[in-house]
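Understanding the architecture of this molecule
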Amino acid sequence: KAGVTQTPRYLIKTRGQQVTLSCSPISGHRSVSWYQQTPGQGLQFLFEYFSETQRNKGNFPGRFSGRQFSNSRSEMNVSTLELGDSALYLCASSFTSGAYNEQFFGPGTRLTVL
Amino acid sequence: QQQVKQSPQSLIVQKGGISIINCAYENTAFDYFPWYQQFPGKGPALLIAIRPDVSEKKEGRFTISFNKSAKQFSLHIMDSQPGDSATYFCAASSPLVGATNKLIFGTGTLLAVQP
């Protein structure tokens, strides 16, 4: 079974631009969660989508948004990029939503904002 | 109250030794505690997980010890190997938060196992 794939793997943008990151979950998985990983803040939950609905959202500004498609693929968008948005963005998929589900992480998209 | 505190920040262990990483939490609503292992350039991978109804769970060389009254849990890696060198994250989640997959992560421990 193929794992979670994220595209692109690396991205360089400038302040003020917007960016869209893509995540393809493991086949059959309907839940996709997004996390931001930085050296200073560690791994922080952004949001989770299940069956095309946002189930939960972390403490991030409205510039961070996401969506999920009917095939469970998910995208996250960051508008008006700031230097502090430079991070590794990780996507995790699981079969369903709930506290005890094993989440499988992709390799991440490394975003650098200049 | 949503934090999970992890220590130490880094750890050096000799091959064959025991690696111990500790985590503490405040939110008593947490009832699922996974540990993740992350190698450079990769996403975190689930290593082992525990729920508070047991005090210990062992899978191979990896053991989680859980102390509900102290709100602490730890990961023990027995017979540590150079291949175990990675960053380890503890995490917690609560089913009360709308039954979602939201994980609260500790700050991570960089483990180096010297040959």
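Treat the numbers as computed from the prediction; the structure is a model and nothing was measured.

Things to note about the state of the cysteines
Residue and element names in this part refer to chain A. Under the criterion given, the structure shown has two disulfides over all chains. The side chain of Cys23 participates in a disulfide bridge whose partner is Cys91; the two sulfur atoms lie 1.7 Å from each other. Residues Cys23 and Cys91 share a disulfide whose torsion about the S-S bond is about -45°; that sign makes it left-handed. Separated by 68 residues along the polypeptide, Cys23 in strand β3 (residues 19-24) and Cys91 in strand β9 (residues 87-94) bring together distant segments of the chain. We note that Cys23, like Cys91, is buried.

Examining the pattern of salt bridges
Going through the model one piece at a time under the given rule, you end up with eight salt bridges over all chains. Each of Arg63, Glu82 and Asp85 of chain A takes part in a single network of salt bridges with overlapping partners.

Examining the environment of Ser93 of chain B
Residues and elements named next belong to chain B. In this fold, Ser93 is placed in the loop between β9 (86-92) and β10 (104-105). A relative accessible area of 2% places Ser93 in the buried class. For the pair formed by Ser93 and Tyr32, sequence separation is 61 residues and the distance between their alpha carbons is 5.4 Å.

Focus on the interface of chain B and chain A
Each partner contributes residues to the interface: chain B has 22 residues there, and chain A has 24 residues. Buried area between chain B and chain A, summed over both chains or domains, comes out near 1,900 Å², and the portion from carbon and sulfur atoms is 51%. For the chain B face of the interface with chain A, the top three residues by lost area are Thr100, Asn101 and Phe105 of chain B, together amounting to 31%. Applying the counting criterion to the chain B and chain A interface returns zero salt bridges. Summed over the shared surface of chain B and chain A, the number is two residue pairs in polar contact (both at pLDDT 80 or more).

Conventions used here
Residues numbered from 1 in each chain as written. Chains lettered and ligands numbered in written order. Predicted model: local features only at pLDDT ≥ 70, side-chain atom pairs only at ≥ 80, totals over all residues. Heavy atoms only, no water. Disulfide = S-S within 2.5 Å. Helix = DSSP H or I, 4+ residues; strand = E, 2+ residues; numbered from the N terminus. Buried < 20%, exposed > 50% of the residue type's maximum accessible area, 1.4 Å probe, protein only. Salt bridge = Lys/Arg side-chain N within 4 Å of Asp/Glu carboxyl O. Contact = heavy atoms within 4.5 Å. Buried area = accessible area lost by both parts, 1.4 Å probe. Polar contact = N/O pair within 3.5 Å; in protein donor to acceptor, adjacent residues only side chain to side chain.

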